[in-house]
Amino acid sequence: MNIGEIKKEEELSVEQIFAKKEVPSWKKQLTIRAFVVTCELRVVWGFGSYLFAMSEQVVKQSAKGQDGFEYKNPELGWIIGFLFVVSFLGLFSLVPLRKIKIIDFKLTYPSGTATAHLFNSFHTPEGAKLAKKQVRELGKFFTFSFFWSFFQWFFTATDACATYVGVGMICPHIVNVSVLIGGILSWDLDPDSMQGLKGYKVFIAIALILGDGLYNFTKVLSQTIAGLYNKIQDRNAMHLPVAECSSPVAKTLSYDDQRWTQLFVKDQIPTWLAIGGYVAIAAVSTATLPHIFHQLKWYHIIVIYIFAPVLAICNAFGCGLTDWSLASAYGKLAIFTIGAWAGASYGGVLAGLAACGVMMNIVSTASDLMQDFKTGYMTLASPRSMFVSQVIGTAMGCVISPCVFWIFYKAFPDLGMESREYPAPFASVYYSMAKLGVEGFSALPKECLKLCYAFFAAAILINIIRDALGKKRSWFIPLPMAMAIPFFLGSYFAIDMCIGSLILFIWQKKNKAGANAFAPAVASGLICGDGLWALPSSILALAGLKPPICMKFLSRATNNKVDTYLGS
């Protein structure tokens, strides 16, 4: 490396700026903010999918006109107990491999890397100024979104949602257009029993999701295997002498990499602690889960805990290469395998859903932890402090998240009902998949299997065409996964998301730099303001207070019917 390259590296180096500053010890890095952030990121899913899919409302709604199906209504006690015995396993499963994945294999973990660059930019003069402006914009649109939600509650209006506009600004344009196409294709299919139109909608959506998931699973798995092989080959090559010299081949590390590596390996997490912690929690979980779900037997749980670390390794490696987590795919695999193993007569549906929750918690938490380790690696955060923060934050999440859900559940008795404010569509989808895994194709409506085959093949074919054309030429081809969402969620949010996408498109055309800098803050403000209103809305519902005015926009045909009725 010549003198010019060294000077250029020093100018680009982040750590050169803070070279003389002492890095706090791992104990001093344990802050309330770290615990709260971890709590927010942990244990936030399942309430609208596999957990709520067990409820009486979803089961009776999905199996309309049929008897003999078991259900388990949400209760605060068993939900907290369930999360406590399954949420920590993922944290311990991959800790011994953190150095191999982060330093030896140098996996990028794009989301973790992007977060680290964002944090580092805040400590530059330009980044600090930009951050203040972003916070100001976030506050403005947060306030607007909150009061807009209050306005909608006051007039019982649900025609425009700030959350979906914000989501549309964050999601790529092709995702929003794909959702709109899916909404058009599924338009005017009124919900009915699972043997009626609803059955076709749900199982066609499942076919699209499974086809898209299988293709991406195969794609990511092949990339993972190829990447793992190349990394091992490169690692071995570093220790082999070349023909001209006997010294090992080694790449010259930049100053940032040297400093990151030095501090990352400083605070070690003992391997015995990781392995011992996993085995101990697995033993407690194996003894506890059958008491929470009597359909899930101890031998089902042992099999899950044997295969879960292997799947977590594959998922974490694939996530490091592609930023794509396949936790939901592994959860669906658990639904089908454990559900079929348990059988319909022994509560296979509930066993499959419970197994899905166990598998998803382990696999997802492990890949998320590696993303966080990558962020910590690039921001000089101690791995030990991050691990302890994850443990404490996860424990907080196991209590706080169920309590928030419980308030929500009690405040809205129609939660999960179709055509209501909170239909929880993924709950019906997960229940239908569990039922399909237990009963086989007999659970499908008439001729639905042929349609499922067609949409399953179409999802794979569309993905093949997208990959064959490349990113530059495949921008106009819709995404099967996004198209599937309106089939079971409905099309009511597609327009809102497209409005958000249109706002971002016009903004980028007029001021691309400004849009790239402030669009995420504006979108976050819209989402957070609308989301925060759910808390006072729940409190008002619990207090029995109802909106004083009802206002709704009707189509011309519906309006004519109303006028005819009022005039009669």
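Residues numbered from 1 in each chain as written. Predicted model: local features only at pLDDT ≥ 70, side-chain atom pairs only at ≥ 80, totals over all residues. Heavy atoms only, no water.

**A word on the overall build of the protein chain**
In terms of regular secondary structure, the protein chain is built from 24 helices and zero strands. Across the protein chain, contacts joining residues at least 24 apart in sequence account for 82% of those joining residues at least 6 apart. When the accessible surface of the protein chain is split by element, carbon and sulfur atoms take 67% of a total near 29,300 Å². (Helix = DSSP H or I, 4+ residues; strand = E, 2+ residues; numbered from the N terminus. Contact = heavy atoms within 4.5 Å. Areas by Shrake-Rupley, 256 points an atom, 1.4 Å probe, with all protein chains shown as cover.)

**Re the packing of helix α4 (residues 76–86) against helix α17 (residues 383–411)**
Between α4 and α17, the shortest axis-to-axis distance is 9 Å and the interhelical angle comes to 150°. The pairing of α4 with α17 is recorded here as roughly antiparallel in orientation. Of the two elements, α4 crosses α17, and the hand of that crossing is right-handed. Facing Leu-76, Ile-79, Ile-80, Leu-83 and Phe-84 of α4, the residues of α17 in contact are Ala-395, Cys-398, Val-399, Pro-402, Cys-403, Phe-405 and Trp-406. In terms of residue class, the contact of α4 with α17 is made up of twelve nonpolar, no polar and no charged. (Axes fitted to C-alpha atoms, helices over the stretch in contact; angles between N-to-C directions. Parallel < 35°, antiparallel > 145°, perpendicular 65-115°, else oblique. Left-handed = near helix turned anticlockwise from the far one by under 90°. Nonpolar A, V, L, I, M, F, W, Y, C, P; charged D, E, K, R; others polar.)

**Some thoughts on the nonpolar core**
With 101 residues, the main nonpolar core has Phe-82, Leu-289, Tyr-305, Leu-353 and Tyr-430 as its most contacted residues. In terms of residue count, the dominant contributor to this core is helix α16 (residues 348–378) (18 residues). Not counting chain neighbours up to four residues away, the residues in contact with Leu-289 comprise Phe-82, Val-85, Val-86, Ile-301, Tyr-305 and Val-358. Membership of the second largest hydrophobic core comes to nine residues, among which are Ala-162, Met-169, Leu-504 and Ala-519. (Core = buried A, V, L, I, M, F, W, Y, C linked by side-chain atoms within 4.5 Å. Buried < 20%, exposed > 50% of the residue type's maximum accessible area, 1.4 Å probe, protein only.)

**Let's talk about empty space enclosed by the protein**
According to the stated counting rule, one finds one cavity of 30 Å³ or more in the structure shown. Of the volumes computed, that of the largest cavity is approximately 40 Å³. In terms of lining, the largest cavity is formed by ten residues, of which the most central are Val-220, Cys-314, Asn-315, Gly-318 and Leu-326. For the lining of the largest cavity, the secondary structure elements donating two or more residues are α11 (197–237) and α14 (298–322). With four residues, α14 is the largest single contributor of residues to the lining of the largest cavity. (1 Å grid on protein atoms, 1.4 Å probe; cavity = no way out; pocket = protein on both sides within 12 Å on 5 of 7 lines; lining within 4 Å. Points joined across faces, edges and corners; volume = space filled by probe spheres on them.)

**Some details on a nonpolar patch on the surface**
Residues Trp-298, Tyr-299, Ile-302, Val-303, Ile-306, Phe-307 and Trp-341 make up a contiguous nonpolar surface patch of roughly 710 Å² in combined accessible area. Position of Tyr-299 relative to the elements: it lies in helix α14. Its relative accessible area of 36% is what places Tyr-299 among the partly exposed residues. (Patch = residues over 30% accessible without salt bridge, like charges linked within 9 Å, V, L, I, M, F, W, Y side chains within 5 Å. Salt bridge = Lys/Arg side-chain N within 4 Å of Asp/Glu carboxyl O.)

**Re the environment of Phe-505**
By secondary structure assignment, the location of Phe-505 is in helix α21 (residues 494–510). Between the C-alpha atoms of Phe-505 and Ala-515, which are ten residues apart in sequence, the distance is 8.9 Å.

**With respect to the packing of helix α9 (residues 162–170) against α21**
For the pair α9 and α21, interaxial distance at closest approach is 6 Å and the crossing angle is 50°. Between α9 and α21, the interaxial angle falls into the category oblique. Regarding α9 and α21, the two cross each other, and that crossing is right-handed. Listed contacts from α21 to Tyr-164, Val-165, Val-167, Gly-168 and Met-169 of α9 are Asp-496, Met-497, Gly-500, Ser-501, Ile-503, Leu-504 and Trp-507. Residues belonging to the contact of α9 with α21 are distributed by class as follows: eight nonpolar, three polar and one charged.

**A short note on helix α24 (residues 556–567)**
In this model α24 runs 16 Å from its N-terminal to its C-terminal C-alpha over twelve residues, within 8% of the 16 Å that 1.5 Å per residue would give. Counting buried residues along α24, only zero of its twelve residues qualify, which leaves the element largely exposed. (Expected span 1.5 Å × (residues − 1).)

**With respect to the pattern of salt bridges**
Enumeration according to the criterion identifies three salt bridges in this entry. Ionic pairing is found between Lys-140 and Glu-137, a salt bridge with its closest N-O pair at 3.5 Å. Separated by three residues within a single helix, Lys-140 and Glu-137 lie in helix α8 (residues 125–154), roughly one turn from each other. The residue Asp-467 makes a salt bridge to Lys-219 at a minimum N-O spacing of 3.3 Å. Of the two residues, Asp-467 sits in helix α19 (residues 448–469) while Lys-219 sits in helix α11, which places them 248 residues apart along the sequence. Classification of Lys-219 as partly exposed rests on a relative accessible area of 29%.

**Considerations on the confidence of the model for the protein chain**
Counting all residues, the mean pLDDT for the protein chain is 79, and 80% of those residues have values of 70 or more. No element of the protein chain has a lower mean pLDDT than helix α1 (residues 3–12), at 45, and none a higher one than helix α13 (residues 271–292), at 94. Low pLDDT, under 50, characterises residues 1–12; the stretch is placed with five contacts to residues that sit more than four places away or in other chains. Every residue in residues 240–250 scores below 50 in pLDDT, and together they form nine contacts with partners more than four places removed in sequence or on other chains. (pLDDT = per-residue confidence, 0-100.)

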